[in-house]
Amino acid sequence: MQFRNTQEYAQHLDQQDPLRSYKDQFLFPKVKGKEVIYFTGNSLGLQPKNAKKFVDDIINDWAELAVEGHFQAEKPWWDYHERFAQKLAPVVGAKPAEVTVMNTLTVNLHLLMVSFYRPTKQRYKIVMEEKAFPSDQYMMASQVRFHGLDPEEAIVEVKKRSGEHSFRTEDIRAKIKEVGEECALVLMGGVNYYNGQVLDMETITRAGKEVGAFVGWDLAHAAGNVELKLHEWNVDFAAWCSYKYMNSGPGNAAGCFVHEQYHGQKDIPRFEGWWGHNKERRFLMEPEFQPEPNANAWQISNAPVLALAPYLASLELFEEVGMSALIEKRNKIVAYLEFILQEIAKEVGGNFEVITPKERGTQLSVFLHGQGKELFHYLMQNGVIIDWREPNVIRLAPAPFYCSYTDMFEFGQIIRNYF
Ligand SMILES: *Cc1c(COP(=O)(O)O)cnc(C)c1O
């Protein structure tokens, strides 16, 4: 496709965009009275307009029904979390029984590691990527220490080759193979938060299984962004936050996947609570735990329904649109953004180096050679919301739900005017 860096052309792409009407389903902050160009949907997705109603419904039910709301509310609270499975399953490529929402991301990974990181004398190492998101590093190191082991010894990091910006699948496979029978767990970020690289999750999962390890994925930057087939890939477990591409609201409840082969087991180590107990018998208050026959067995407390409400609202949009339509637009709008960046760089004699490899989702990470943080401030003051990482990398994620091709064109003009 031959793109053009003109307003007419960008408008033409917008007119052809089957998702163009969805921009109007979201609320945008304003700068100088104008709605912003929003590139940080990988950090906090925008608020869907229907979110408020879902929250209000619960606030009203609480006022009018009080405790009766658990069973009498229009969407009863006692099984509110079960409304998610059907809608979430296609987003991550799972069976509905394999997904649930609960807690927050790092908490879920800790809980899942209780089940899937069970080191023995012989098999105790974790393979992960270098420079993972800090929370993941803290989580894994503390898990290792919890088992009386030394993170220096038990955590094996796969590194990028010197001078390269992304990981090579062959290097990850080789590292897993090298750790071999000592490998208890492979746990990595499916989409790297820094460079936007999409790892070959299918191949890496297979490599982990081949050495007899459990394999889990942190899908913070993957859920709602890239195609996932967790069930088919035979992934053991995964978790993802919902406030990034899933547009559920700040700090909101996280998703969790447990492969069906682990369902219905009473003897699997797991931290348990009453919301994981057989729901038909939950209120009989029996002493012995009977796990729900699905991922809900990993639930602990009663569901935070006020928090879940905007997530459910957002999932209605995902259900309506579907991942394949989002991915199709994503590919096109990211390619258009890359084109615009190259055109502007040529015009102003700048050097914008995209460090995101071709295995990518919505995010482009761009090295702004020779530019300082003033450019970041300038963009923010001119209604472009982006994210800055030291030394001078900007991350641009034009979420296909609410970014337009015209936004990409206007972003280019704003950057050009800086020089
Ligand atoms: C955003 C993100 C987190 C955030 O963790 P919370 O528990 O939701 O605060 C963790 N890991 C990765 C890879 C992330 O991108």
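Observations regarding the pairing of strand S14 (residues 364-369)
And step 1. Here S14 lies mainly inside the structure; 5 of its 6 residues are buried.
And step 2. With 4 bridges joining them, strand S13 (residues 351-354) and S14 adopt antiparallel strand pairing. In the strand pairing of S14, Phe352 is matched with Leu368.
And step 3. As paired strands, S14 and strand S17 (residues 393-396) are joined by 4 bridges and run antiparallel to one another. Counted as the bridge partner of Leu364 is Leu396 from S17.

A look at the site of the ligand
And step 1. All residues adjacent to the ligand are Leu105, Thr106, Phe133, Asp136, Asp218, Ala220, His221, Tyr243 and Lys244.
And step 2. Between the ligand and Tyr243 there is a distance of 2.5 Å, counted from an oxygen atom to a side-chain nitrogen or oxygen.
And step 3. At 2.6 Å, a side-chain N or O of Lys244 approaches an oxygen atom of the ligand.
And step 4. In isolation the ligand exposes 390 Å². Once the protein is present, 83% of that is buried.
And step 5. Of the residues that constitute the shell around the ligand, the class distribution is 4 nonpolar, 2 polar and 3 charged.

Details of unusual backbone geometry
And step 1. Backbone torsion omega between Glu390 and Pro391 reads 5 degrees, so that peptide bond is classified as cis.
And step 2. Looking at where Pro391 falls in the secondary structure, it is placed in the loop between strand S16 (387-389) and S17.

Some remarks on the sheet that holds S13
And step 1. Strand order in the open sheet made by the 4 strands is S13-S14-S17-S16, with antiparallel pairing throughout. Only two strands of the sheet have a single neighbouring strand rather than two, namely S13 and S16. The mean angle between the axes of side-by-side strands here comes to 30 degrees, regardless of whether they run parallel or antiparallel.
And step 2. Contacts from helix H11 (residues 323-348) reach S13, S14 and S17, with the element oriented near 10 degrees to S14.

A short note on the side chain of Lys244
And step 1. Relative to the elements of secondary structure, Lys244 occurs in the loop between strand S11 (237-240) and strand S12 (254-258).
And step 2. For the buried Lys244, no salt bridge is present, and the opposite-charge side chain at shortest range is Asp218, 6.7 Å distant.
And step 3. Setting aside its immediate chain neighbours within four residues, Lys244 contacts Gly41, Asn42, Ser43, Leu44, Gly45, Ala220 and His221.

Some details on the pattern of salt bridges
It is possible for side chains bearing opposite charge to pair when their charged atoms get close.
And step 1. According to the stated counting rule, one finds 26 salt bridges in the structure shown.
And step 2. A salt bridge links Glu410 to Lys34, with the nearest nitrogen and oxygen atoms 3.4 Å apart. In this pair, Glu410 sits in helix H13 (residues 405-418) while Lys34 sits in strand S3 (residues 34-35), placing the two residues 376 residues apart along the sequence.
And step 3. Glu410 gets classed as partly exposed once you look at its relative accessible area, which sits at 23%.
And step 4. Via salt bridges that share partners, Arg161, Glu170 and Asp171 belong to a single interconnected network.

Describing the sheet that holds strand S7 (residues 125-129)
And step 1. Taking strand neighbours across the sheet as the criterion, the 7 strands line up as S6-S12-S11-S10-S9-S7-S8 in an open arrangement whose pairing is mixed. One side of each edge strand has no neighbouring strand; the edge strands of this open sheet are strand S6 (99-102) and strand S8 (155-158). Adjacent strand axes in the sheet meet at a mean angle of 20 degrees, parallel and antiparallel pairs treated alike.
And step 2. Those strands touched by helix H6 (residues 134-146) are S7, S8, strand S9 (183-189) and strand S10 (214-218), and its axis lies near 175 degrees from that of S7.

Describing the packing of aromatic side chains
And step 1. Per the counting criterion, the structure on display carries 31 aromatic pairs.
And step 2. Arranged with centres 5.6 Å apart and planes meeting at 35 degrees, the rings of Phe71 and Trp78 form a pair that is tilted.
And step 3. The partly exposed category is assigned to Phe71, whose relative accessible area is 45%.
And step 4. According to the relative accessible area criterion, Trp78 is buried, its value standing at 16%.
And step 5. Taking 5.1 Å as the distance between ring centres and 85 degrees as the angle between the ring planes, the aromatic pair formed by Phe133 and Tyr193 counts as edge-to-face. Residue Phe133 is found in the loop between S7 and H6, and its partner Tyr193 is found in the loop between S9 and helix H9 (201-210); the two are separated by 60 residues along the sequence.
And step 6. What makes Tyr193 buried here is its relative accessible area of 16%.
And step 7. Here the aromatic residues Tyr22, Phe26, Phe28, Tyr38, Phe318, Phe401 and Tyr402 are joined through ring pairs into a cluster of three or more.

So, how was this worked out
- Residues numbered from 1 in each chain as written.
- Predicted model: local features only at pLDDT ≥ 70, side-chain atom pairs only at ≥ 80, totals over all residues.
- Heavy atoms only, no water.
- Buried < 20%, exposed > 50% of the residue type's maximum accessible area, 1.4 Å probe, protein only.
- Helix = DSSP H or I, 4+ residues; strand = E, 2+ residues; numbered from the N terminus.
- Pairing = 2+ DSSP bridges.
- Near = heavy atom within 4 Å.
- Polar contact = N/O pair within 3.5 Å; in protein donor to acceptor, adjacent residues only side chain to side chain.
- Areas by Shrake-Rupley, 256 points an atom, 1.4 Å probe, with all protein chains shown as cover.
- Nonpolar A, V, L, I, M, F, W, Y, C, P; charged D, E, K, R; others polar.
- Axes fitted to C-alpha atoms, helices over the stretch in contact; angles between N-to-C directions.
- Contact = heavy atoms within 4.5 Å.
- Lys, Arg positive; Asp, Glu negative; His and termini not counted.
- Salt bridge = Lys/Arg side-chain N within 4 Å of Asp/Glu carboxyl O.
- Phe/Tyr/Trp six-rings, centres within 6.5 Å; stacked < 30°, edge-to-face > 60°.

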